[in-house]
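So the chains spell out like this:
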Amino acid sequence: MATRLFLVVLAVCALSLPTSASDCTEKKFKSGTVCVCDLTKCDEIPNIDLSSGQAATFTTANSGARLHRDIVYATNSDPLTSLHLTIDSSKTYQTIQGFGSTFSDASGANLRSLPDKLADTVIRQYFSESGLNLQFGRVPIASNDFSSRVYTYNDVADDYSMTHFSLQREDYQWKIPYMQMAQKYNHNLKFFGVPWSAPGWLKTTNSTSGYGSLLGSSQGTYHKAYVTYLLKFFEEYQKNGIDFWAMSTQNEPTSGGDKKTKAQSMLFTAETQRDFIKLDLGPALRTSSAAKAVKVLIMDDNRGNLPKWADTVLKDAETASYVAGIGLHSYQDSESDKHLQQTHDNHPKYFIFGTEASEGYKSKDSVDYGSWDRAEDYVEDILDDLNNWVVGWTERNLILDAQGGPSWVSDFADAPIIAFPPLAQFYKQPMFYAIAHFSHFIKPGAVRIDHSLNVPNLDIQKSAFLNPDGSKVVVILNKNVLAPYSVSVKDSQRSSDHYQVHMGPRSIVT
């Protein structure tokens with residue numbers, strides 16, 4: 001499908017004046033183009049560098065452009081074009097918290113396989129202000145499907161006080177070092193922990209992998225032991241200089257009821273999650289020295305569970321007092337936006353945060369080099385989320401290998417960056433630039449603002465934001481495979497200024 005990323009940073013700017021472009025080292029594949037980075041070179045996002053009366057556009061396109069920068073100037077006459085986009089900062093919606101990725105074991109293993117300098121380049125590309133400017137890091141609590149083995153932090157049965165709890169080599173080699181490296185580039189980086197499963201001896205199936213639920217009931221021995229296990233995780237990471245912003249109660253809790261599930265999983269229903277938070281987890285967090293400030297995210301599953309899941313958990317006032325937000329996965333984004341709108345309407349005080357998105361997980365070709373379709377899917381996913389009250393978005397892995405792993409359960413997927421250790425190189429997929437069109441330009445604390453086209457157009461998707469510094473960001477996607485578009489962008493607060501944006505087929509513009 002056609003997609004073009006277009007980011008217009010409106011400092012006030014429609015004459016188009018090209019100024020600079022990405023220095024991508026291109027490598028072409030059947031599906032499209034990647035940018036190759038090595039020890040000597042890696043393309044960077046051009047600076048915005050605006051003067052009064054100017055706007056910058058950044059374009060990524062299936063034809064090859066990667067965050068190509070142009071300067072456009074405001075005109076006081078409405079250009080003769082069929083599409084007119086009006087933004088209105090007097091009407092605001094949710095506040096954007098930011099974008100993130102996951103410090104999975106697979107990501108850490110691939111970073112460790114690269115020369116230290118190149119691993120540092122990957123982290124800088126993601127977390128520095130000049131890169132994607134990611135604000136969040138998701139951290140699996142013990143192993144998950146993107147680990148090389150199944151492990152927990154305590155496999156000693158009946159150790160209810162967790163005296164044998166111990167972080168593993170994966171934490172010390174593949175997670176903590178790169179989390180600390182990311183903090184070097186973003187001192188305000190926020191981490192959230194996510195459990196996939198309790199140790200097997202605490203589950204009904206006596207197995208960490210596969211389906212099953214916690215043994216016992218709320219306030220019972222098994223539930224208290226599991227809460228102690230979770231608190232120990234935060235305590236041990238704090239000893240290594242890492243504090244957490246939040247935690248999910250459980251990754252994809254509905255998967256724990258599926259007997260076909262092979263990866264680590266654990267079942268919670270909305271009712272059992274409600275009671276676990278109210279009677280076990282919530283009170284323990286508040287009295288913990290290491291985790292008393294940790295926010296709790298509920299659900300952490302697909303939108304089809306909403307709003308019922310949130311209604312069940314949050315209508316209990318005591319449970320709700322421990323909860324900050326609702327975690328959301330991206331794998332049912334084709335379902336109605338009403339799931340998100342109704343959830344916001346019912347629970348406006350609780351933010352909705354995108355906790356996992358990925359591509360290639362159901363494909364014969366887990367890694368598809370240069371795939372524009374996957375970049376476009378990401379843009380559509382992020383736009384749909386942000387236009388429906390979601391405040392953040394998280395990628396499933398930072399970096400994977402050429403197979404889309406490692407994954408002990410062969411749950412391979414694509415990633416924005418693919419590692420090639422023998423060549424001391426990594427490839428930046430179009431998905432990387434798709435994320436950049438949002439995360440680099442929409443600053444934490446930005447608010448979504450009203451935007452509208454003069455006529456309906458199924459090829460064009462868009463959103464608009466007001467940054468804390470007063471700058472305005474518009475992201476536009478052209479999905480048409482053949483047709484270019486010219487879009488006249490007008491700020492209702494400066495109605496005399498018009499900015500002309502030219503979009504080729506299959507392009508994104510910010």
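Residues numbered from 1 in each chain as written. Predicted model: local features only at pLDDT ≥ 70, side-chain atom pairs only at ≥ 80, totals over all residues. Heavy atoms only, no water.

As annotated in an unreviewed UniProt entry, the chain carries the name Glucosylceramidase and is attributed to Caenorhabditis remanei. Per its UniProt entry, the chain bears the Sequence similarities (unreviewed entry) comment "Belongs to the glycosyl hydrolase 30 family." (UniProt positions renumbered as here; feature names shortened; annotations may be inferred.)

Undergrad: Talk me through the UniProt feature "domain: Glycosyl hydrolase family 30 beta sandwich" (unreviewed entry) in the chain; I want residue IDs and the actual numbers.
TA: Sequence positions flagged by UniProt for "domain: Glycosyl hydrolase family 30 beta sandwich" (unreviewed entry) are, in local numbering, residues 445–510. Helix makes up 0% of residues 445–510 and strand 56%. Its end C-alpha atoms lie 18 Å apart. (Helix = DSSP H or I, 4+ residues; strand = E, 2+ residues; numbered from the N terminus.)

Undergrad: Go over the state of the cysteines with me, naming the residues and quoting the values.
TA: Counted under the stated rule, the structure contains two disulfides. Each disulfide pairs two cysteine sulfurs, and for Cys24 the partner residue is Cys35, the sulfurs being separated by 2.0 Å. Looking down the S-S bond of the Cys24 and Cys35 bridge, the torsion is -105 degrees, so its handedness is left-handed. Placement of the pair is Cys24 in the loop between strand E2 (15–20) and strand E3 (26–28) and Cys35 in strand E4 (residues 33–37), with a sequence separation of eleven residues. Here Cys24 matches Cys35 in class, with each residue buried. (Disulfide = S-S within 2.5 Å. Buried < 20%, exposed > 50% of the residue type's maximum accessible area, 1.4 Å probe, protein only.)

Undergrad: Can you break down the nonpolar core residue by residue, with the values?
TA: With 109 residues, the main nonpolar core has Phe233 and Phe244 as its most contacted residues. Looking at which element gives the most residues to this core, the answer is helix H4 (residues 221–239), with nine residues. Here this core gathers at least three residues from each of two domains, domain 1 (44–94 + 448–509) and domain 2 (98–444). Apart from residues no more than four positions distant in its own chain, Phe233 is found in contact with Val139, Pro140, Ile141, Tyr153, Phe165, Leu167 and Phe244. Ala55, Tyr485, Val489 and Val501 belong to the second largest nonpolar core, which has 19 residues in total. (Core = buried A, V, L, I, M, F, W, Y, C linked by side-chain atoms within 4.5 Å. Domains from an automatic or database assignment. Contact = heavy atoms within 4.5 Å.)

Undergrad: Now, about the confidence of the model for the chain: what can you tell me, with residues and values included?
TA: Taken residue by residue, the chain gives an average pLDDT of 94. The fraction at 70 or more is 96%. Counted against residues more than four places away or in other chains, residues 1–7, with its pLDDT under 50, gives 76 contacts. Note on residues 10–21: pLDDT under 50 across the span, and 53 contacts to partners over four residues away in sequence or across chains. (pLDDT = per-residue confidence, 0-100.)

Undergrad: Report on the environment of Phe351, specifying residues and quantitative values.
TA: Note that Phe351 resides in strand E14 (residues 351–356). A relative accessible area of 17% means that Phe351 is categorised as buried. As a C-alpha pair, Phe351 and Gly327 span 24 residues in sequence and 8.7 Å in three-dimensional space. Not counting the four nearest positions on each side in its chain, Phe351 is found in contact with Gln97, Trp245, Leu297, Ala324, Gly325, Ile326 and Val391.

Undergrad: Could you give me a rundown of the pattern of salt bridges, with the residues and numbers involved?
TA: Tallied over the full model, the rule gives 23 salt bridges. Note that Glu26 is salt-bridged to Lys28, the shortest N-O span being 3.4 Å. Among the ionic pairs, Arg396 bridges to Glu356, the shortest N-O distance being 3.5 Å. With Arg396 in the loop between strand E15 (390–394) and strand E16 (399–400) and Glu356 in strand E14, this residue pair connects regions lying 40 residues apart in the sequence. Across the pair, exposure class does not vary: Arg396 and Glu356 are buried alike. Shared partners join several salt bridges into a network, and the residues in it are Arg138, Asp145, Glu356, Arg396 and Asp411. (Salt bridge = Lys/Arg side-chain N within 4 Å of Asp/Glu carboxyl O.)

Undergrad: Which residues make up the environment of Leu114, and what are the values?
TA: When you line up the elements, Leu114 lands in the loop between helix H1 (105–113) and helix H2 (116–127). When the C-alpha positions of Leu114 and Leu39 are compared, they lie 10.0 Å apart, and in sequence the two are 75 residues distant. Setting aside its immediate chain neighbours within four residues, Leu114 contacts Ala119, Val122, Ile399, Ala419, Phe420, Pro421 and Gln425.

Undergrad: Which residues make up the pairing of strand E8 (residues 98–102), and what values do they have?
TA: Within E8, five of the five residues are buried, which leaves the element mostly enclosed by the surrounding structure. Across three bridges, the pairing between E8 and E15 is parallel. Each bridged residue has a counterpart across the sheet, and for Phe99 the counterpart in E15 is Trp393. Pairing geometry for E8 and strand E9 (residues 136–141), over three bridges, is parallel. Along E9, the bridge assignment pairs Ser101 with Gly137. (Pairing = 2+ DSSP bridges.)

Undergrad: How would you sum up the side chain of Gln54? Please name residues and give values.
TA: Inspection of the secondary structure puts Gln54 in strand E5 (residues 54–61). Here Tyr73 takes part through its side chain, which lies 2.9 Å from a polar atom of the side chain of Gln54. (Polar contact = N/O pair within 3.5 Å; in protein donor to acceptor, adjacent residues only side chain to side chain.)

Undergrad: Just give me the short version of the domain arrangement of the chain, but keep the residues and values in it.
TA: Along its sequence, the chain is carved into domain 1 (44–94 + 448–509) and domain 2 (98–444). In this structure, domain 1 and domain 2 have C-alpha centres spaced 32 Å apart. With 28 residues of domain 1 at the interface, the matching set in domain 2 holds 27 residues. In total, domain 1 and domain 2 occlude about 2,600 Å² of area from one another, counting both sides; carbon and sulfur atoms represent 64% of this. Contact with domain 2 buries surface across domain 1, with Glu44, Ile45 and Gln94 losing the most and accounting together for 22% of the total. (Buried area = accessible area lost by both parts, 1.4 Å probe.)

Undergrad: Go over the packing of H1 against helix H3 (residues 169–185), please, and point to the residues and values.
TA: A pair of packed helices can be characterised by two numbers: the angle between their axes and the separation between those axes. Interaxial distance between H1 and H3 falls to 9 Å at its minimum, and their mutual angle equals 85 degrees. As summarised for this structure, H1 and H3 are arranged roughly perpendicular, according to the angle between their axes. Taken together, the residues of H3 that come into contact with H1 (itself represented by Asp105, Gly108, Ala109, Leu111 and Arg112) are Glu170, Gln173, Trp174, Lys175 and Tyr178. Classifying every residue of the contact of H1 with H3 gives four nonpolar, two polar and four charged. (Axes fitted to C-alpha atoms, helices over the stretch in contact; angles between N-to-C directions. Parallel < 35°, antiparallel > 145°, perpendicular 65-115°, else oblique. Nonpolar A, V, L, I, M, F, W, Y, C, P; charged D, E, K, R; others polar.)

Undergrad: Can you explain the sheet that holds strand E13 (residues 323–329)? Please cite residues and give values.
TA: Spatially, the eight strands close up into a barrel ordered E8-E9-E10-E11-E12-E13-E14-E15, and their pairing is parallel. Adjacent strand axes in the sheet meet at a mean angle of 30 degrees, parallel and antiparallel pairs treated alike. Strand contacts of H4: E9, strand E10 (190–195) and strand E11 (246–248), with the helix running at about 130 degrees to E9, the strand carrying the most contacts.

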